[in-house]
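Summary of structural features
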Amino acid sequence: MPSNESVKAGLAVAEDKAKLLGLTVGKHTVEPGLYIPRADARSAPELSFEVPNPEATYLVMGIDIDAPFVSMPVLGPILHWIQPGLKAETKDGKTVLTAKEPFVSDYIGPGPPPGSGPHRYCFFLYEQPAGFDGKAHAPPEGAKMGSFARMWFSLDDWEKKVGLGKIIAANYFTSN
């Protein structure tokens, strides 16, 4: 299993109400650890957050940190989403983050195997580095990322590779 100190840091960020990433998953407004049935989490979450710099561009990452089983996460973390190009917009009096660029890794919903307990699906928001080129990290021509490429995802390594700073907001839900 890859080193993921950033996952631990991100879970700590999610406990700080001032740094809680707003997630709306289907009809659910997510508080950390909320259980959401997998059928309700098939589409990418809607994101909201009072970003520190409204002119900046942001990137969100979603990972399952408990794959394949909570008691034996030997395949994890599993990458579920990388969406760069998020810009802050005001909608109904709330700051929402809307994608202005194609995904690096398309969103996939929860899919723990039968008999597994609820997995934690973590979402981490970063300010996107200047000059970040999502196409350089995505499958060619907007293709969806395969399952094998998503396994054993090292958040620590990816942060270093693309020059991400600290996680500025986080949240997570559980599902099985």
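Each value, and the rule that gives it
- Residues numbered from 1 in each chain as written.
- Predicted model: local features only at pLDDT ≥ 70, side-chain atom pairs only at ≥ 80, totals over all residues.
- Heavy atoms only, no water.
- Helix = DSSP H or I, 4+ residues; strand = E, 2+ residues; numbered from the N terminus.
- Rg over C-alpha atoms; globule rule 2.2 N^0.38 Å.
- Buried < 20%, exposed > 50% of the residue type's maximum accessible area, 1.4 Å probe, protein only.
- Contact = heavy atoms within 4.5 Å.
- Areas by Shrake-Rupley, 256 points an atom, 1.4 Å probe, with all protein chains shown as cover.
- Lys, Arg positive; Asp, Glu negative; His and termini not counted.
- Charge placed at Lys NZ, Arg CZ, Asp CG, Glu CD.

As annotated in an unreviewed UniProt entry, the chain is Protease inhibitor (Tfs1) from Purpureocillium lavendulum.

1. A look at the overall build of the chain
Scanning the chain from terminus to terminus reveals three helices and nine strands. Ordering the α and β elements of the chain from the N terminus gives α-β-β-β-β-β-β-β-β-α-α-β. For the chain, whose C-alpha radius of gyration is 15 Å, the value lies close to the compact-globule estimate of 16 Å for 176 residues. With the C-alpha coordinates aligned to their principal axes, the bounding extent of the chain is approximately 45 × 35 × 30 Å. Split into buried and exposed, the 176 residues of the chain put 49% on the buried side. Long-range pairs, those at least 24 residues apart, make up 76% of the contacts in the chain with a sequence separation of at least 6. Accessible surface, the chain as shown: approximately 8700 Å² in total, 55% of it carbon and sulfur. Charge-centre separation for the chain: the mean point of 17 positive side chains lies 3 Å from the mean point of 20 negative side chains.

2. A look at the environment of Trp152
Of note, Trp152 is situated in the loop between helix H2 (147–150) and helix H3 (155–162). Exposure remark for Trp152: the relative accessible area of 35% places this residue in the partly exposed category. Each C-alpha atom, one on Trp152 and one on Ala170, is 20 Å from the other, the two residues being 18 residues apart in sequence.

3. So, unusual backbone geometry
Omega for the peptide link from Ala67 to Pro68 comes to -5 degrees, which places this bond in the cis form. Along the chain, Pro68 falls in the loop between strand S5 (58–64) and strand S6 (78–91). Here the amide bond leading from Gly76 into Pro77 is cis, since omega sits at -5 degrees, within 30 degrees of zero. For Pro77, the position within the fold is in the loop between S5 and S6.

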